[in-house]
Amino acid sequence: MQEIELKFLVPQARLKGLMRQAKVKSSQTTMMSAHYFDTPKQELAKSGIGLRIRLEGDEWVQTIKAGGDGIAARLEHNMTLDGELVQTMLETDSLLPDLSIYKETAIAPALADFKLKKINKKLTRQYITDIERTTRLLVDKEKVVADKKNSAEESTVSTIEVAYDQGQIIHGTDNSKVQDIQEIEFELVSGNLDFLFTTAKVWCKRYKLCLSTVTKAERGSLLLNEQDFSPAVHANLGALSIDADSSMPAFMRAVVHNCLLQILPNSSAIAAGSNDNEHVLQLRIGIQRLRTALKSFKKFSEQLNPEWLPILKQTATLLGDYRQLAYLVTDIEPILQHAGAPSVDWSADIDNMKITPIDAVRANDFQLTLLELIAFTMSDATQEPRAHKCAQDKLAKRLSNQHIKLLKAEYDLEDIILEASTDDTDQSAAIHEKAHQLRKHLKKMRYLSEFAAPLYSKKKSKRWLKRITKTQRALGEYLDHQQYQHYYQQKSHTDTQALYGAGWFAAQLEPDTKRCKKRLTKLQDAASFW
């Protein structure tokens, strides 16, 4: 069985209004006590598997969750247990699940890497959840034409369970260690997927909800490891599910899905309160990858919404502005002080920023855009007009066009450098602008190459990606050092201790330039893989 659900964090300011909608006459409130199990090394959690025994009303249910699409869908298997036996095991502190019951089920492939008998012996209770769940059902009856000839109509019934959870996760061996839970879930019980997303968007807009990818099992692991948030998630190209026969609409959905696998966990952490620069960086990279795909492959699907792009661009810009300053504090200042520089205080500059990453991520238009993107990835690609057209037939042209633009940007930069004189301020600004344009083309070329690589020779694409990645990093480092030099130069007007940083970064530019030239030359000579 596959469950499809959307989970959201609930802002405190909107809780009262939301509860008026959650707690209606038809709603039910259930106390749920769940015991979660894993090995001491958390082998199941590392494989994305959650295993629990939970009291649901009057019944004890063993549940395992695994796999799915990594976003809104997961495999789930539930089995009702003998209540008296569970109670006896609780009284003797011997409660344990039985993994052998999954041998002939749909979830068995997720456990294929484990020797069930062996791992069953190693299972221990890791943590407990004590939750009050308020549920209500939302039903939609949609009339559809079943017989076009006679215009006969029939009703399609769609049902969603809305579940508001409030409670705690408690450490399995130390009940003084707890983490509060306050979230709402929308699960499709039956019927049309569109009803799930339409309903979620209405609630999201009304109560300013924020998408969360953090499962209770993940929360428990964080509690055990004494962490507030999971580590930042990088792009995982190994999870890009495309092949030579992928249609244009299917390719587009796979690419967007792959970008969301990077975007959603990082945005979820930031929305929950993370100030980690790595979360901000990886979210921004994920958004940049997604924007590149939406712009470059806009003709691959008719279901792409042009309104997504400006919202994604605005969010990425806000994240970038904040991260540059925050990065000075967390990473640059320690480097400079290790080199002997005096300390420079950037806290006031950061405090003066009007919008923080949390503000940008919690913005309702961004959250609604994420919901629409998830809905797009789960929609049926075979129903689109271009479903019969192969993506690979169009990719070579896209890659070639971008390659031409990249080479032109390189030659333009080289030409203006040759013409420039050392004391020409206008030409220095022009060089800086051309370098930024080249950096954008490099990023775009890299992302497009990564999306297309699974359809071509692994050896050739790997060699190409290695070169373009190194070139992008070299140019990025050069431009970043220019930016840091500018920050410290400006700061020196009010804090003379910043002069050290300005001089230090100015000294880095010459070797940076040499590395860039070397990498650009190698890239020009590189053979394309498409």
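Cut-offs applied
Residues numbered from 1 in each chain as written. Predicted model: local features only at pLDDT ≥ 70, side-chain atom pairs only at ≥ 80, totals over all residues. Heavy atoms only, no water. Phe/Tyr/Trp six-rings, centres within 6.5 Å; stacked < 30°, edge-to-face > 60°. Helix = DSSP H or I, 4+ residues; strand = E, 2+ residues; numbered from the N terminus. Buried < 20%, exposed > 50% of the residue type's maximum accessible area, 1.4 Å probe, protein only. Lys NZ or Arg CZ within 6 Å of the ring centre and 35° of its normal. Polar contact = N/O pair within 3.5 Å; in protein donor to acceptor, adjacent residues only side chain to side chain. Patch = residues over 30% accessible without salt bridge, like charges linked within 9 Å, V, L, I, M, F, W, Y side chains within 5 Å. Areas by Shrake-Rupley, 256 points an atom, 1.4 Å probe, with all protein chains shown as cover. Salt bridge = Lys/Arg side-chain N within 4 Å of Asp/Glu carboxyl O. Contact = heavy atoms within 4.5 Å.

Draft legend 1. Just the packing of aromatic side chains, in detail. Summed over all chains, the structure comprises 18 aromatic pairs. Between Tyr36 and Tyr127 the ring centres are 4.9 Å apart and the planes differ by 20°, which places this aromatic pair in the stacked class. Placement of Tyr36 in strand 2 (residues 28–38) and of Tyr127 in strand 6 (residues 124–147) is noted, with a sequence separation of 91 residues between them. Tyr127 gets classed as buried once you look at its relative accessible area, which sits at 5%. Ring centres of Phe529 and Trp530 lie 5.2 Å apart, and the angle between their planes is 85°; this geometry places the pair in the edge-to-face category. One aromatic cluster in this structure is built from Tyr327, Trp346, Tyr484, Tyr487, Tyr488, Trp504 and Phe505. Between Lys491 and the ring centre of Trp346, over which it is positioned, the NZ or CZ distance is 5.1 Å.

Draft legend 2. Structural context of helix 3 (residues 83–91). Backbone nitrogen of Glu84 and a side-chain oxygen of the N-cap are separated by 3.0 Å at the start of helix 3; the cap is Asp82. Asp93 occupies a position one or two residues after helix 3 and carries a positive phi of about 55°.

Draft legend 3. Region of interest: a nonpolar patch on the surface. On the surface, a cluster of nonpolar side chains totalling about 350 Å² of accessible area is made up of Leu137, Val139, Val157 and Val189. In this structure Leu137 comes out as exposed when scored by relative accessible area, which is 51%.

Draft legend 4. Just the pattern of salt bridges, in detail. The full count for this structure, using the stated rule, is 22 salt bridges. Note that Lys7 is salt-bridged to Glu185, the shortest N-O span being 2.7 Å. Of this pair, Lys7 sits in strand 1 (residues 2–9) while Glu185 sits in strand 8 (residues 178–190), placing them 178 residues apart in sequence. Glu185 shares its class with Lys7; the two are buried. Residue Glu477 is joined to Arg515 by a salt bridge in which the shortest nitrogen-to-oxygen separation is 3.5 Å. Of the two residues, Glu477 is situated in helix 15 (residues 458–491) and Arg515 in helix 16 (residues 499–525); the sequence distance between them amounts to 38 residues. Given a relative accessible area of 37%, Glu477 falls into the partly exposed group. A relative accessible area of 40% places Arg515 in the partly exposed class. In this structure, a network of salt bridges that share partners links the residues Lys7, Arg133, Asp165, Glu183, Glu185, Lys216 and Arg219.

Draft legend 5. Spatial organisation of the environment of Gly501. If you trace the backbone, Gly501 turns up in helix 16. On the basis of relative accessibility, which here comes to 2%, the residue Gly501 falls in the buried class. Sequence separation of Gly501 and Ala360 is 141 residues, and the distance between their C-alpha atoms is 30 Å. Setting aside chain neighbours within four positions, we find Gly501 in contact with Leu336 and Tyr488.

None of the figures reported here should be taken as evidence of function without further support.
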